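Residue-level listing of the chains:
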There are 2 protein chains.
Amino acid sequence: MKQIKIAKNSGFCFGVKRAIKLAEEAAQSYKSAFTLGPIIHNPQMVDHLNSKGIFEIDNIDQLDDRPVIIRSHGVPLYELDIINNKNIPIIDATCPYVSKAFEYARKAGEEGYEIFILGNPDHPEIIALKSYIKGDFFIINDNLESLPETRFAKAAIICQTTQNSQNLEQLVNALLPKVNELRVFNTICNATNIRQNATIELAKKSDVLIVIGGKNSSNTKMLATLSSAYTKTYHIETAEEICSQWFENTPFIGLTAGASTPDWIIIDVYNKIIEIVGNNSNFAKCVEEIPGYKEESYEF
Amino acid sequence: MKQIKIAKNSGFCFGVKRAIKLAEEAAQSYKSAFTLGPIIHNPQMVDHLNSKGIFEIDNIDQLDDRPVIIRSHGVPLYELDIINNKNIPIIDATCPYVSKAFEYARKAGEEGYEIFILGNPDHPEIIALKSYIKGDFFIINDNLESLPETRFAKAAIICQTTQNSQNLEQLVNALLPKVNELRVFNTICNATNIRQNATIELAKKSDVLIVIGGKNSSNTKMLATLSSAYTKTYHIETAEEICSQWFENTPFIGLTAGASTPDWIIIDVYNKIIEIVGNNSNFAKCVEEIPGYKEESYEF
């Protein structure tokens, strides 16, 4: 007997759903539009939108008179200024939680805080976020030991929305003894928190855990990192990457998916695993139950 | 061979030294003055000042036309208002670090933060501090489990100046997942931090550790609590409380003293221990070396 379980809150979050909806509306209204960088970090979804006339460009110089969609991670202020001057329709699909973090960054800079950004310096959300900061800042990713030795009167922390709360706790604890005032903007998205915790709990019970989502997706990679501390973990983008050997001697199989992973890919993976592990008589029932991703067991 | 070591930063801190100096100046200028409650939490020092004409009262109704000294822990705003209306000289011996915490409390209240005070609700510093807060607040002492279940948009933490940084870390970590913004005013006095850390390090090496200071002194009691996690610990106010049995089979003896413990009491205790543990040929040298409380070893 094998069991397969999908972690709670797997798949699209609010911000991604909203961005995709705005892109699909733009495709209908304008026939064709650009996104600056991938609208979300999922190549399959980007390809899908591409087929509807939504094209990814990586440089604002490539814009013409077609509308531009600001992707879920936002864009730097200096790019926004240029776009605003171009007299083209702008569809802002920046996740509202990401915009909130940008606002905190602006505010903390204006109020003279020494700013510590917890996030990946190469991620578009952080590249955009830092453009909102007046003054200096430090970016802390996994380099806690590189914190400056000096004491600060006022320091502020702002987090990448897909960061992990244990990393935030570590940074806070490291900074606390060095400051008179520490202002923590806990901009880690609550859906991220719930998904990460559900994935950790599922990983503890699983003999193997499959993480589904873009290889370029920060939040998906974080799920794989967290899970691999507890069980054998594979990060895949699509069902095609699955190896049947992964499921030998694994009575309990866990599945989780990042915030930018579309339902159809999760269902594909689920389907493929059932095909491998055996009796799929409950298949129809299972697929029907996937949307909403309740943490329920399916037995085969 | 026995070794005796005094923890770094034992004894008077800046705020206590300043309060005593102001009280002694008042004794000279005015011959007699009142303090509202003990000026510092050390009964022996209070007795000493009493002999110079500085009298402790516990109620503002007992004031006459003599000057009043505001003690190092401060007084509540409503008492300060009454005193200000009495037309008598006021000598403000509130520790400047405590005043800073009061200011943060006022500011956090005005800016609409949900306030968490980390401290002892019965301590005069906290009784005074809470009078500066506009709005509601929670006092957290060792009751972390009583934190409210609700989420907060904005929360602020303010600490009793003699609190322990591990307790602050615990409170911060417990609140972080519940808030969008957490503003930590780390008002734990730096001298407190250094003294606590030095005491912990010394306790780890000692076979017995003697904590010297007022039984009513928060910071002294905290030293005893911290030390007792590592070694047999006795909290005494004066040399008279020492038992010779405490030093049987204790090759390494540690001493520490609270921020409100006068030098003469530390020297008395030191003297008494040397008398008990044996050869005191180095006594003169040792006493000479006590002021400054460098962490050095003395061998007998």
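Here the structure is shown first, and the text comes after it.
Residues numbered from 1 in each chain as written. Chains lettered and ligands numbered in written order. Predicted model: local features only at pLDDT ≥ 70, side-chain atom pairs only at ≥ 80, totals over all residues. Heavy atoms only, no water.

> Looking at this structure, how should I read the interface of chain A and chain B?
Quite often, the size of an interface is put as the accessible area lost when its parts meet. Between chain A and chain B, the residue contacts involve 18 residues of the former and 18 residues of the latter. Together chain A and chain B conceal approximately 1500 Å² of surface at their shared face, both sides included; 46% is due to carbon and sulfur atoms. Linking chain A with chain B are 2 salt bridges, by the criterion used here. B:R183 is paired through a salt bridge with A:E181; the nearest N and O atoms lie 2.6 Å apart. On the surface where chain A and chain B come into contact, there are 12 residue pairs in polar contact (both at pLDDT 80 or more). For the side of chain A that touches chain B, the secondary structure elements donating two or more residues are α6 (165-175) and β9 (179-185) of chain A. Of the residues that constitute the side of chain A that touches chain B, the class distribution is 10 nonpolar, 4 polar and 4 charged. (Contact = heavy atoms within 4.5 Å. Buried area = accessible area lost by both parts, 1.4 Å probe. Salt bridge = Lys/Arg side-chain N within 4 Å of Asp/Glu carboxyl O. Polar contact = N/O pair within 3.5 Å; in protein donor to acceptor, adjacent residues only side chain to side chain. Helix = DSSP H or I, 4+ residues; strand = E, 2+ residues; numbered from the N terminus. Nonpolar A, V, L, I, M, F, W, Y, C, P; charged D, E, K, R; others polar.)

> Looking at this model, I keep getting lost on the state of the cysteines. Mind explaining?
Note on terminology: a disulfide is the covalent bond linking the sulfur atoms of two cysteines. Residue and element names in this part refer to chain B. For the structure on display, the rule yields 0 disulfides over all chains. Its sulfur unpaired, C159 is 12 Å from the next cysteine sulfur, which belongs to C189. By relative accessible area, which is 0% here, C159 ends up buried. (Disulfide = S-S within 2.5 Å. Buried < 20%, exposed > 50% of the residue type's maximum accessible area, 1.4 Å probe, protein only.)

> Would you take a moment to explain the packing of helix α7 (residues 190-205) of chain B against helix α8 (residues 218-228) of chain B for this structure?
Geometrically, a packed helix pair is captured by the angle between its two axes and the distance between the axes. All names here are of chain B. Their axes nearest at 9 Å, the elements α7 and α8 cross at an angle of 30 degrees. Judged by the inter-axis angle, α7 sits roughly parallel to α8. Crossing geometry of α7 relative to α8 is assigned as right-handed. Contact residues: α7 offers R195, Q196, T199, I200 and A203, while α8 offers N219, M222, L223, L226 and S227. (Axes fitted to C-alpha atoms, helices over the stretch in contact; angles between N-to-C directions. Parallel < 35°, antiparallel > 145°, perpendicular 65-115°, else oblique. Left-handed = near helix turned anticlockwise from the far one by under 90°.)

> For this particular structure, what's the right way to read the sheet that holds strand β3 (residues 54-57) of chain A?
Within a sheet, neighbouring strands are paired by backbone hydrogen bonds and run either parallel or antiparallel to one another. Residue and element names in this part refer to chain A. The strand order across the open sheet built from 4 strands is β3-β2-β4-β5, with neighbouring strands paired in parallel fashion. Two strands close off the open sheet at either side, each with one partner strand: β3 and β5 (90-92). Taken pair by pair, the neighbouring strands of this sheet meet at an average axis angle of 30 degrees, ignoring direction. Bridge count between strand β2 (residues 33-36) and β3: 4 bridges; the pairing is parallel. Bridge assignment links T35 to a residue of β3, and that residue is E56. Contacts from helix α1 (residues 14-30) reach β3, β4 (68-70) and β5, with the element oriented near 160 degrees to β5. (Pairing = 2+ DSSP bridges.)

> Explanation requested: the relation of the copies chain A and chain B in the structure shown.
What connects the two chain copies is a rotation about an axis and a shift along it. Laying chain A over chain B is done by rotating through 180 degrees and shifting 0.1 Å along the axis; what remains is an RMSD of 0.1 Å. Both chain copies can therefore be described as sitting about a two-fold axis. For chain A, the residue whose C-alpha comes nearest the rotation axis is A:R183, separated from it by 2.1 Å. In this assembly the copies share their binding face: 100% of the residues contributing to the interface of chain A also contribute to that of chain B. (Least-squares fit on C-alpha atoms with pLDDT ≥ 70 in both.)

> Which parts of the structure should I look at to understand the pattern of salt bridges?
Proximity of charged atoms lets side chains of opposite charge pair with each other. Under the defined criterion, the tally for this structure stands at 18 salt bridges over all chains. Ionic pairing is found between B:K21 and B:E25, a salt bridge with its closest N-O pair at 3.3 Å. You can see B:K21 and its partner B:E25 sitting in helix α1 (residues 14-30), 4 residues apart, about one turn around the helix. Under the relative-accessibility criterion, B:K21 is labelled exposed at 53%. Residue B:E25 is classed as partly exposed on the basis of its relative accessible area of 36%. Residue B:E241 is joined to B:K215 by a salt bridge in which the shortest nitrogen-to-oxygen separation is 2.8 Å. Here B:K215 lies in the loop between β10 (208-212) and α8 and B:E241 lies in the loop between β11 (232-236) and β12 (252-257), a separation of 26 residues in the sequence. Residue class for B:E241 comes out partly exposed when judged on its relative accessible area of 29%. Take B:K215: its relative accessible area is 39%, and that puts it in the partly exposed class. In the salt-bridge network here, residues are joined through shared partners; they are A:K107, A:E111, A:R183 and B:E181.

> Help me understand the sheet that holds strand β2 (residues 33-36) of chain B, please; the structure alone is not making it clear to me.
Residue and element names in this part refer to chain B. Reading across the sheet, the 4 strands line up as β3-β2-β4-β5 and stay open at both edges, with parallel pairing between neighbours. Both outer strands of the open sheet, β3 (54-57) and β5 (90-92), are each paired with one neighbouring strand and no more. Geometrically, the sheet is characterised by an average inter-axis angle of 30 degrees between neighbouring strands, direction not taken into account. Each of β2, β4 (68-70) and β5 is contacted by helix α3 (residues 77-84), which is oriented at about 155 degrees to β4, the strand it contacts most.

> Teacher, can you tell me more about empty space enclosed by the protein here?
In this approach the atoms are scanned with a rolling probe the size of a water molecule, which exposes any empty space left behind. Residue and element names in this part refer to chain B. As enumerated under the stated definition, the model contains 4 cavities of 30 Å³ or more in all. Reported here for the largest cavity is a volume of approximately 300 Å³. Broken down by secondary-structure element, the contributors of at least two residues to the lining of the largest cavity are α1, α4 (96-110), α7 and α8. For the lining of the largest cavity, the per-class residue count stands at 8 nonpolar, 12 polar and 2 charged. (1 Å grid on protein atoms, 1.4 Å probe; cavity = no way out; pocket = protein on both sides within 12 Å on 5 of 7 lines; lining within 4 Å. Points joined across faces, edges and corners; volume = space filled by probe spheres on them.)

> Quick question: what am I supposed to make of the environment of A:T250 here?
Residues and elements named next belong to chain A. The topology assignment puts T250 in the loop between β11 (232-236) and β12 (252-257). For the pair T250 and Q3, spaced 247 residues apart in sequence, the C-alpha to C-alpha distance is 8.9 Å. T250 has contacts with K2, D207 and V208, leaving out every residue within four places of it along the chain. Within polar-contact distance, the side chain of T250 engages the side chain of K2 at 3.3 Å. A polar contact is formed between the side chain of T250 and the backbone oxygen of F247, at a distance of 2.9 Å.

> Help me understand helix α6 (residues 165-175) of chain B, please; the structure alone is not making it clear to me.
Given 3.6 residues to a turn, an α-helix orients residues that are three or four positions apart in the same direction. Every buried residue of α6(B) is accounted for by B:L168, B:L171, B:V172, B:N173 and B:L175. Those residues of α6(B) that are buried are in contact with α6 of chain A together with β6 (114-118), β7 (137-140), β8 (152-159) and β9 (179-185) of chain B. The distance from a side-chain oxygen at the start of α6(B) to the backbone nitrogen of B:Q166 is 3.1 Å, and the residue carrying that oxygen is B:N164.

> Just checking my understanding: could you explain the side chain of B:T220 for this structure?
Residue and element names in this part refer to chain B. Position of T220 among the secondary structure elements: in helix α8. The exposure class assigned to T220 is buried, which follows from its relative accessible area of 0%. In this structure, T220 is in contact with V211, I212, G213, G214, H235, G258, S260 and T261, ignoring residues within four places of it in sequence.

> Mind showing me how you'd approach the packing of aromatic side chains here?
Where two aromatic rings form a pair, the distance of their centres and the angle of their planes describe that pair. Using the criterion set out here, one finds 16 aromatic pairs over all chains in the structure. On the basis of an interplanar angle of 15 degrees and a centroid distance of 4.9 Å, the ring pair of A:F116 and A:F138 is categorised as stacked. Within this pair, whereas A:F116 is found in strand β6 (residues 114-118), its partner A:F138 is found in strand β7 (residues 137-140), the two being separated by 22 residues in sequence. You can call A:F116 buried: its relative accessible area is 0%. A relative accessible area of 27% places A:F138 in the partly exposed class. Summarising the aromatic geometry, the rings of B:Y234 and B:W246 are spaced 3.9 Å apart at their centres and angled 5 degrees between planes, so their arrangement reads as stacked. (Phe/Tyr/Trp six-rings, centres within 6.5 Å; stacked < 30°, edge-to-face > 60°.)

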